[in-house]
Amino acid sequence: MDSNSNIVVVTGFGPFRQYLVNSSWEAVKELSKRGLGKNIDLRIMQLPVVYQKAKEQIVRIWTTLHPILTVHVGLASSAKAIIILEQCGKNKGYEEMDACGFHPEGGCCMLNGPEKIESTINMKTIWKNISVEGIDMIFSRDAGRYICDYTYYTSLYYGSGRAAFIHVPPLSKSVTADSLGKALQTIILEMLKQCWEQRE
């Protein structure tokens, strides 16, 4: 094992439309206070809600840090106290403009890339195996064709499937940054168990 082989990168997103405080980034900051145990070198990063810039940062994560797993956390503004575990990323259909009024050429993530890429993490297993306090969890195969899905696909592409995507709800009285950080810790530790099993 090389020294950097226990890096786990977790990303959240910056401000988005009316969400000046993005719950995904607040949750990731809480997670970083808790950590993932002494054997994991946790790095956190904020991604902008801009296709091209987010993509550049993801490529940089995989080419410079070589993490064992990258987990992207995004805001699902429609979700009420629900955490959504996303299984796969889709390549096409990105017509919605980002914060800079841009969308990818041809609405496509990677020209000539596969239609969709599945995560090597089995989200259904995680969904069945764990529960988090006060928040329901669901399993999904459609991350929504916006920056979240785009980011996920890009990361799955460059990380050979070793990426995961978690959608979190907006912050509210019942959903605090602290409770989301705790939930992320539980979920990601379960993901890491799968990573270790796949290594063996």
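Keep in mind the model is a prediction, meaning the values are calculated, not measured.

Points about the sheet that holds strand β3 (residues 69-75)
Stage number 1. Taken in spatial order, the six strands of this open sheet run β2-β1-β3-β8-β4-β7, and their pairing is mixed. Strand pairing shows two members of the sheet lacking a second neighbour, β2 (41-47) and β7 (136-140), which therefore form its edges. When the angles between neighbouring strand axes are averaged without regard to direction, this sheet yields 20°.
Stage number 2. In the sheet, β3 pairs with strand β8 (residues 163-168) via six bridges, with the strands oriented parallel. The partner of V73 across the bridge, within β8, is I166.

Notes on helix α1 (residues 23-34)
Stage number 1. The terminal C-alpha atoms of α1 lie 17 Å apart, and with twelve residues this matches the ideal 16 Å at 1.5 Å per residue to within 8%.
Stage number 2. Here α1 has its buried residues at S23, S24, W25, A27, V28, E30 and L31.
Stage number 3. On its buried side, α1 packs onto β1 (7-13), β2, β3, β8 and α5 (177-199).
Stage number 4. After α1 finishes, the residue G35 shows a positive phi value of roughly 75°.

A few points about helix α4 (residues 147-158)
Stage number 1. The terminal C-alpha atoms of α4, which comprises twelve residues, lie 16 Å apart, in line with the 16 Å expected from a rise of 1.5 Å per residue.
Stage number 2. Extensive coverage of α4 is indicated by the burial of ten of its twelve residues.
Stage number 3. Listing the buried residues of α4 in full gives I147, C148, D149, Y150, T151, Y152, Y153, T154, S155 and L156.
Stage number 4. Positive backbone phi, at 50°, marks S160, one or two positions downstream of α4.

Calculation rules
- Residues numbered from 1 in each chain as written.
- Predicted model: local features only at pLDDT ≥ 70, side-chain atom pairs only at ≥ 80, totals over all residues.
- Heavy atoms only, no water.
- Pairing = 2+ DSSP bridges.
- Helix = DSSP H or I, 4+ residues; strand = E, 2+ residues; numbered from the N terminus.
- Axes fitted to C-alpha atoms, helices over the stretch in contact; angles between N-to-C directions.
- Expected span 1.5 Å × (residues − 1).
- Buried < 20%, exposed > 50% of the residue type's maximum accessible area, 1.4 Å probe, protein only.
- Contact = heavy atoms within 4.5 Å.

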